[in-house]
Amino acid sequence: MFDLSYARDLVMTGAIFGVAAFVWAGWAQEKPPPRVAWRVILGLFSLAGAALAGITIPVAIRHWDSPTAIDPSTGAFAVYLTVFWVEVVLCAGLAFWAARRKRSDLIAPLILAIVGIHFLPLAPVFGQPIMAVAGVLLTAIAVVAALLPTGSVGRSFWCGILAAPVLLVIGAVCALAGIPEVREA
């Protein structure tokens, strides 16, 4: 499930997923169910994401010279940049499209779907199959969030309440696999 020769990439995945969990749990606060318990749960997911990022970012910085799958002198780096910019353009374009169609309720699921899908080509680039697992799960969550009936709960709530734990678990697993390896190197 992991290529430990690129342990720094696993630590960075933990950091990025921690930040992403923080962001998605925050976006879910847009229109959660009226009970305070949901806001508390989302707040805890945000705190957990911030903690994961807070633990992994310093480790990644200290071991920045460790091997990475996306060395700028390789084709993997070009694929990474291409996937990243396609993702950015698609997110902006679909958000604009949804807003113009007066379907801003779809922005969160559309962006989550793009985020999920973008992990599928990145899994082989980084040599980390767990990214494909994240991609499939996040994309499925986006589809479910887009199909759920709207009402007193926003689609962004479903994206955040379901995606944040996925991001936290996968990010933590990547961090737990990567941190000991970069420290030994």
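Remember, predicted model here, so these are calculated numbers, not experimental data.

Engineer: So what exactly am I meant to see when it comes to the layout of surface pockets here?
Structural biologist: A water-sized probe rolled over the atoms picks out the places where empty space is left. In this model, the largest pocket occupies a volume close to 570 Å³. Forming the boundary of the largest pocket are 26 residues, of which Ile16, Tyr80, His118, Phe119 and Leu122 lie nearest the centre. Secondary-structure elements contributing two or more residues to the lining of the largest pocket are α1 (7-27), α3 (75-100), α4 (107-126) and α5 (130-147). With nine residues, the single largest contributor to the lining of the largest pocket is α1. Looking at side-chain class alone, the lining of the largest pocket contains 20 nonpolar, three polar and three charged residues. Put simply, the second largest pocket is a space of about 180 Å³.

Engineer: Whenever I open this one, the packing of α4 against helix α6 (residues 155-184) confuses me. Can you help?
Structural biologist: When two helices pack together, their arrangement is given by the angle between the helix axes and the distance between those axes. With their axes 7 Å apart at the nearest point, α4 and α6 run at an angle of 35 degrees to one another. Where α4 abuts α6, its residues Ala108, Pro109 and Leu112 lie against Arg155, Ser156, Cys159 and Ala163. For the contact of α4 with α6, the class distribution of residues is five nonpolar, one polar and one charged.

Engineer: What is the right way to look at the packing of aromatic side chains in this model?
Structural biologist: Each aromatic ring pair is described using two quantities: the centre-to-centre distance and the angle formed by the ring planes. Applying the stated criterion across every chain yields a total of six aromatic pairs. Consider the rings of Trp24 and Trp27, whose centres lie 4.9 Å apart with planes at 20 degrees: the pair is stacked. Highlighted residues: Trp24 and Trp27, both in helix α1, separated by three residues, approximately one helical turn. Grouping aromatic residues by their ring pairs yields a cluster made of Trp38, Phe157 and Trp158.

How each quantity is defined
- Residues numbered from 1 in each chain as written.
- Predicted model: local features only at pLDDT ≥ 70, side-chain atom pairs only at ≥ 80, totals over all residues.
- Heavy atoms only, no water.
- 1 Å grid on protein atoms, 1.4 Å probe; cavity = no way out; pocket = protein on both sides within 12 Å on 5 of 7 lines; lining within 4 Å.
- Points joined across faces, edges and corners; volume = space filled by probe spheres on them.
- Helix = DSSP H or I, 4+ residues; strand = E, 2+ residues; numbered from the N terminus.
- Nonpolar A, V, L, I, M, F, W, Y, C, P; charged D, E, K, R; others polar.
- Axes fitted to C-alpha atoms, helices over the stretch in contact; angles between N-to-C directions.
- Contact = heavy atoms within 4.5 Å.
- Phe/Tyr/Trp six-rings, centres within 6.5 Å; stacked < 30°, edge-to-face > 60°.

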